[in-house]
Structures are given as structure tokens and as C-alpha cells.
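So you can see what is in the structure, the chains are spelled out below.
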Amino acid sequence: MLNEIAELARSLENEGTLLPVGFSPYREPLKWVVHIKPGNPLSVYLEKTETARPRPYSAKRTSGIIPYPLVDEAAYALGVDRETGGGSDRRAAAKHAAFLKLLQKIQLSPIVQDTALKEALNVLQKTLSQQLFRNDPRFPEILSKDWVAFMFEGAGLEGQLLFEREEIKQFWAEHLSREVAAHKKTSLVSHGTCSVCNHHAQLVRIAPTKVKKLSGGDRQLMSLNASAFISFASDSSDAHLGVCLRCAEHISQTLNYLIQDERHRKTLLLALQAGGKVNYDSPANQVAVFWQKSPHEGDIDGQEIELSTLSVAALMESGPEVEATLNLLQSFLETPWSPKDYALGIPDNRFFLAVLSPNGKGRIALREWIAVTLNDLKDRLKAYLQALKLRSPDGSASRPPTIPEIVVALRNAQDRKGGLAEISPNLVRGLLRTAYLGTPPPPGLLEAAIKRLRSPRGREMQVIKRQPPPFQVLAAVLKLALYYGKKEAETMEHLNPLHLDPAYLCGRLLAVLEEAQRRAATGKLNTTLVDRFYGAAATGPAAAFAPLVKLAHTAHLPKLRRENRGYRQLEELLTDIMTKLEAAGGFPHTLSLMAQAQFALGFYHQRAALAARSKTEE
């Protein structure tokens, strides 16, 4: 995975998207520029500005005194101690001394060879030591937290900020490399072969740039701290990443690029605390980042769309707008590759997806890594979506639910304490593996859906908060678990009268008995026989159905016949199902988990078919 991210980083670097090593964007603007004009005497003046520029950064500068090269807060760069509100920075003198010490290091560094830059550094040293900037009338306006940079107006460097000179960037990268490579206890630096670029270099313990806004916080790449994972002869508290600074920085910055771009990031799951609040530090949180090795936009129904973005968006969006995305994806999956596609190597182009989670408050854990060619992705996605496709409750259309819709349907079951039931992150990642790698549906998926259907809310046939009906989503999940990769994935998209599984027939029968009760009722039913007997009928049909069938024949059906409320249709259905059940060996005494899934699917299919027929007759 690191190699693929590093390759993407090289592309972004060539495009100018990545920042220099050890640099980071800042929310605070650059507020002052100290202009230094050589001559006798030296001329120094201050320019007030509001410029947003990337600047040197170190994750270690939280409470310690760590200066940045030739650009920093005024307490560091000029020794200013004035704070907003009239306070004083008591460490300003120490900060400025550290800044001057770093300036001396830069002057002595063999990296700095440019004579013009050397002259500028010498003059800057003189300017700071003599505090010539204090002569400017604007100096009292500067506060300790204001960012200050320096510009040398001579030797061909006019108009250039000194910290942005290439040699200063190289110095900072080298300086930072030693800082993040040194072991905490011994201060020794490990050298070795970088596992990404294969160059012999200093191996860093942490990546200086944090991965930002991952599950609500900034988090850092660092090595694992359990002895089982330690390598390179380090101890458990001081292990390094096994990569050099440049590769570590490129990986962090590229992850930032992916996470901050909605075309390359989707949140799969957020862990909830009591009261419904999100626990952002929970390792159960799942964020997917994805990209294509060679970005390619395909012409789908007249629209130019990047294929990787379409493939993921169709599975991970929610809401009514997902319908159009799914239709586009379906068109892509059903269109064979053209000779031009083969000539461009598009079928062999690769799609990458990584699932990341927080690991505590400041670290990142990789939960899943998927790499697949577009050709394989196309075949596997087609099989996955077909297995999930199910006719809607009113019989109007078929569409597969997306992963967020499945999460909502599985999660909305209330536990015994009245809170939302938690869903295993493994189920979500298992669905991704089925969709993109073609593995069987995840273990536990069928059980979770069956458990959810025992609640009346799980059998809800109405749209809730712009999501598909829970029963439709859960029945689709059962269909995926039962028929993924089988021919029945197509034939069981809607009611199948030729499907003679006893459990499926029992489910159909329960839907017919419920419909008879509904039609016989003179007003709205507060509780139907399904509300009272679904659990018993779905686990022990032989015992549960005898009184229900008797009730239909003695109470509901006679009333329908007398009052002409669709008696013939239900009587024919009842006879047909009972005849098939008799031929299949009668009512089963108990149903296994798989058979309960068949039962639920039969119940949904028959319910949807009856609802569609009623709608047509209206």
C-alpha cells in the first residue's frame, strides 16, 4: 500500500500539489515581512501583509521551544513578547535565542552554497543582533504570535522570501529528518534501507506532518508500539516506521490530499456513544480513501465521469440522489470494453481502496487494503449489485441498497436499553471485500439481518428519513447472503412462484394471512397477526401456522367473501401455497438461520406483490 501511495505522491509532486518536505499549510496568515536592503548604513523596514503560505512545521512544537528557519512567530523571529490583551510571553527571549542559534546552523550548513543567500544570511544576522527592525514606526504593532518572514533586497534576491529558497527547504528537511529519526532515550539515529524508495537513509520514528481531519481529529503516522510488531532492533517505545523522511512526508501529505477531497473519501461508519453522540476516537470508525492508478474518465450516458469515483459513490452514497448514480454505474457495468479501451489499457488500470481508523487519540490504523484491476472490479461489482437488487415494496422498480443504507437498516434496531444497536465494523469491510474482491458475503451479516427483522421496525415498508424501507434493505441483505454468485440472484429479484423451498412458502403464506386480516378489518389495525406471531412463525412454522390458518378460514376469508373484498384472489393464493407446501413435505417444525432468511424473503416478496397489485387495482 505504501508503495502505491508513494507512486501517487510522485504524480502529485510533479503536478505541484504536494508541499515541500516538512512544510504545512497554516490557518494563521503571514502578517509581517522584514525587508532588509544592504548598504551603508543598512536599511530595514516592515511591511504589513495578510498572506497565506505554507511554512515549515514540526509536530513536536506543542509545548517545547522549536524554531523554524527564517520564518516564525514574532516571539521567535524578533523576540517580541507583546501578547493580545496586554499580556507578555515570558519565553520570548528563549525563543528568540533558539531562532538565532538555528540561523547560525543554517549559515554553517554545507547545504547552503549559494553566495547570494550566504550574503543575505550574514546581513540578517547583523540586522537581528543590532535589532534594526525596532527603528520602524510599525514595530509596536507586532504581537508575539504574528508570523514574520524576511526578504533581502539585494544580490539578485529581491522580492523573494528567504525561507522559500530551495537550499533553506533542503536544510529544513535534513534538520527535521534528524529530529524525527533520533531515538527518544538514546538520541541515536537508525540508518537503513527505506522500505518504500529502497534508498539508504535515516529511518524516521514518526511522520512530521499529521493526517488531518481523519474521523474528527489530526492523527500521525507512527510505528506500532507492541513488541510483536517491532523490527529494526528498536524497543517497543522507540520503533521507527522503516521509511525515510521524504517517503513518510509524501505518504502523510498524499493521505491528506485524498481525505480532503470528497471525490476520494467516504465515511463508512461512525461509532456512537450513549445519547447518539459520535465517538471520534473509537477504532470502530471507518473512513475509506480510494483512487485509480491512472485517472481515467469514461463516457457513460453522455457524461464524462472518473470510473473509480463512480464505482465507490454508487456504493457509499445515501439519499434520493443515489438513484441517478446507480443508473450510471449500471450502464458502465453492462457496457463491454471497446477496442479503444483496450488500446488505452483501461481494463488493466488498477483501483485502490484503503480503510483507515483512528487508533487512540493521535494515531492511525489501516483496516483494509484493496487493489484490483478495473476489469475484475467490473465483473465483481456486477455480481455484488445483482445479488442485492430487489423489487421495491410497491413493485415499481428494483435497485440495490448502498452500504450506508445497509448500515442504517442494521443499526436502527433498538437494544434492550433503548439505544441504537451497534454494528460490527467487520461487516462493513466484509461488504467492501465482496463488492471489490469477490469474496463471499461476510460472516454474521445474515444473522444481523435476521435479528433486525424480529423487530417490527425492521419490517417497516415505508421510507424513513429519505432512506429505503428497512424491510427492503434487510431483505436485499438476505438475498445477498443466500444467492451471491448464483443464478438465483436474478430470478429472486422479485416474487418467484416457482421457488418451492418450504421456508420461502411459509413466508409467503404469512403475508397472505396478514393481507386477509387487513382486508377483513373495518378500521386501522393497531396490531396485526404478523406483529404478534412473526417470530414464532419464522422459527417454528408447524406449531405457529395451524391456528393462523384456522383463523383465516373461520373469520377473515368468510368476511371477505360476504363483503366482496378480494376474497377470490387471496383464496387462490392460499390454496396454491398450501398445495405446494404439502408437496414439499408440509410445514417444517423448526427453521435454521438460512431457512429463516428464506422465510423472510418469501414474506417480503409476497407482501410487495400484494401491495403492487393493490396499487394497480386502485
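Residues numbered from 1 in each chain as written. Predicted model: local features only at pLDDT ≥ 70, side-chain atom pairs only at ≥ 80, totals over all residues. Heavy atoms only, no water.

A.B. asks: Mind showing me how you'd approach the packing of aromatic side chains here?
C.D. replies: Any pair of aromatic rings gets described here by the distance separating the centres and the angle formed by the planes. Evaluation of the coordinates by the stated rule reveals 16 aromatic pairs. Arranged with centres 6.2 Å apart and planes meeting at 40°, the rings of F99 and F150 form a pair that is tilted. Within this pair, whereas F99 is found in helix α3 (residues 92–108), its partner F150 is found in strand β6 (residues 147–152), the two being separated by 51 residues in sequence. Given the relative accessible area of 2%, F99 is considered buried. With a centroid separation of 5.5 Å and 10° between ring planes, the pair formed by F352 and W369 is classed as stacked. One end of the pair, F352, is in strand β15 (residues 350–359); the other, W369, is in strand β16 (residues 363–373), and 17 residues separate them in sequence. Its relative accessible area of 26% is what places W369 among the partly exposed residues. Put simply, the rings of Y26, Y57, Y68, W147 and W172 touch in pairs and so form one group of aromatic residues. (Phe/Tyr/Trp six-rings, centres within 6.5 Å; stacked < 30°, edge-to-face > 60°. Helix = DSSP H or I, 4+ residues; strand = E, 2+ residues; numbered from the N terminus. Buried < 20%, exposed > 50% of the residue type's maximum accessible area, 1.4 Å probe, protein only.)

A.B. asks: Please explain the pairing of β16 as it appears in this structure.
C.D. replies: The pairing of β15 with β16 spans 10 bridges and is antiparallel. The residue bridging A354 from the neighbouring strand is W369, located in β16. The loop that links β15 with its antiparallel partner β16 comprises 3 residues; one of these, G360, has a positive phi angle of about 80°. (Pairing = 2+ DSSP bridges.)

A.B. asks: I would appreciate a short explanation of the nonpolar core in the present structure.
C.D. replies: If you look at soluble globular proteins, the nonpolar side chains tend to sit buried side by side. Among the nonpolar cores identified, the biggest contains 99 residues, and L353, Y384, Y436, L510 and F599 are the most heavily contacted of them. Once residues within four sequence positions are removed from consideration, L510 is found in contact with L529, V530, Y534, A537, F545, L548, F599 and F603. In this structure, L70, L128, W172 and V196 belong to the second largest nonpolar core, which totals 83 residues. (Core = buried A, V, L, I, M, F, W, Y, C linked by side-chain atoms within 4.5 Å. Contact = heavy atoms within 4.5 Å.)

A.B. asks: Teacher, can you tell me more about helix α16 (residues 502–520) here?
C.D. replies: Given 3.6 residues to a turn, an α-helix orients residues that are three or four positions apart in the same direction. The first and last C-alpha atoms of α16 sit 27 Å apart over 19 residues, in line with the 27 Å expected at 1.5 Å per residue. The buried fraction of α16 is high, at 17 of 19 residues. By the N-cap criterion, in which a side-chain oxygen at the helix start approaches the backbone nitrogen of a residue two or three places on, α16 is capped by D501, the distance to A503 being 2.9 Å. (Expected span 1.5 Å × (residues − 1). Polar contact = N/O pair within 3.5 Å; in protein donor to acceptor, adjacent residues only side chain to side chain.)

A.B. asks: Explanation requested: unusual backbone geometry in the structure shown.
C.D. replies: For residues other than glycine, phi is negative in most cases, and the peptide bonds are mostly trans. Residue N40 is joined to P41 through a cis peptide bond whose omega torsion reads 10°. Its place among the elements puts P41 in the loop between β2 (30–37) and β3 (43–51). Even without glycine at this site, L70 takes up a positive phi of about 65°. One can find L70 in the loop between β4 (55–56) and β5 (71–73).

A.B. asks: In this structure, what is going on with the environment of F99? I would like to understand it.
C.D. replies: As a C-alpha pair, F99 and P29 span 70 residues in sequence and 20 Å in three-dimensional space. Apart from residues lying up to four places away in sequence, F99 is in contact with P67, Y68, L70, V71, D72, Y76, A77, L128 and F150.

A.B. asks: Even after reading the chapter, I still don't get a negative patch on the surface, so can you show me in this structure?
C.D. replies: Together, E297, D299, D301 and E304 give the surface a local cluster of negative charge. Mapped onto the secondary structure, E297 falls in strand β13 (residues 297–300). (Patch = residues over 30% accessible without salt bridge, like charges linked within 9 Å, V, L, I, M, F, W, Y side chains within 5 Å. Areas by Shrake-Rupley, 256 points an atom, 1.4 Å probe, with all protein chains shown as cover. Salt bridge = Lys/Arg side-chain N within 4 Å of Asp/Glu carboxyl O. Lys, Arg positive; Asp, Glu negative; His and termini not counted. Charge placed at Lys NZ, Arg CZ, Asp CG, Glu CD.)

A.B. asks: I'm lost on helix α14 (residues 470–483) in this one. Help?
C.D. replies: An ideal rise of 1.5 Å per residue puts 20 Å on 14 residues; α14 measures up with 20 Å between its terminal C-alpha atoms. Looking one or two places after α14, you find G485, whose phi comes out positive at around 80°.

A.B. asks: Teacher, can you tell me more about the packing of helix α1 (residues 2–15) against helix α6 (residues 245–260) here?
C.D. replies: Any two packed helices are characterised by how steeply their axes cross, that is the angle between the axes, and by the distance between the axes. Running from N to C, α1 and α6 cross one another at 80°; their axes reach a closest spacing of 9 Å. Comparing the axis directions of α1 and α6 gives the class roughly perpendicular. Together, L2, I5, L8, A9, L12 and E13 of α1 and R246, H250, I251, T254, L255, Y257 and L258 of α6 make up the contact between the two elements. (Axes fitted to C-alpha atoms, helices over the stretch in contact; angles between N-to-C directions. Parallel < 35°, antiparallel > 145°, perpendicular 65-115°, else oblique.)

A.B. asks: What is the right way to look at the sheet that holds β16 in this model?
C.D. replies: What links the strands of a sheet is backbone hydrogen bonding, and the strands pair in either a parallel or an antiparallel sense. Pairing is antiparallel across the open sheet formed by 4 strands, whose spatial order is β11-β12-β15-β16. A strand with exactly one partner marks an edge of an open sheet, and here the two such strands are β11 (265–269) and β16. For this sheet, the mean angle separating the axes of adjacent strands, direction not counted, is 25°. α1 contacts β12 (286–292), β15 and β16 of the sheet and is inclined by roughly 60° relative to β12. Most of the contacts of helix α10 (residues 374–388) go to β16, to which it runs at about 95°, and overall it touches β12, β15 and β16.

A.B. asks: When you look at the state of the cysteines in this model, what are you seeing that I'm missing?
C.D. replies: Between two cysteines, a covalent bond joining their sulfur atoms is known as a disulfide. The final tally for this structure, using the stated rule, is 0 disulfides. In this structure C194 is a free cysteine whose sulfur lies 3.6 Å from that of C197, the closest cysteine sulfur available. By relative accessible area, which is 0% here, C194 ends up buried. For C247, which is in no disulfide, the shortest distance to another cysteine sulfur is to C244 and amounts to 3.7 Å. (Disulfide = S-S within 2.5 Å.)

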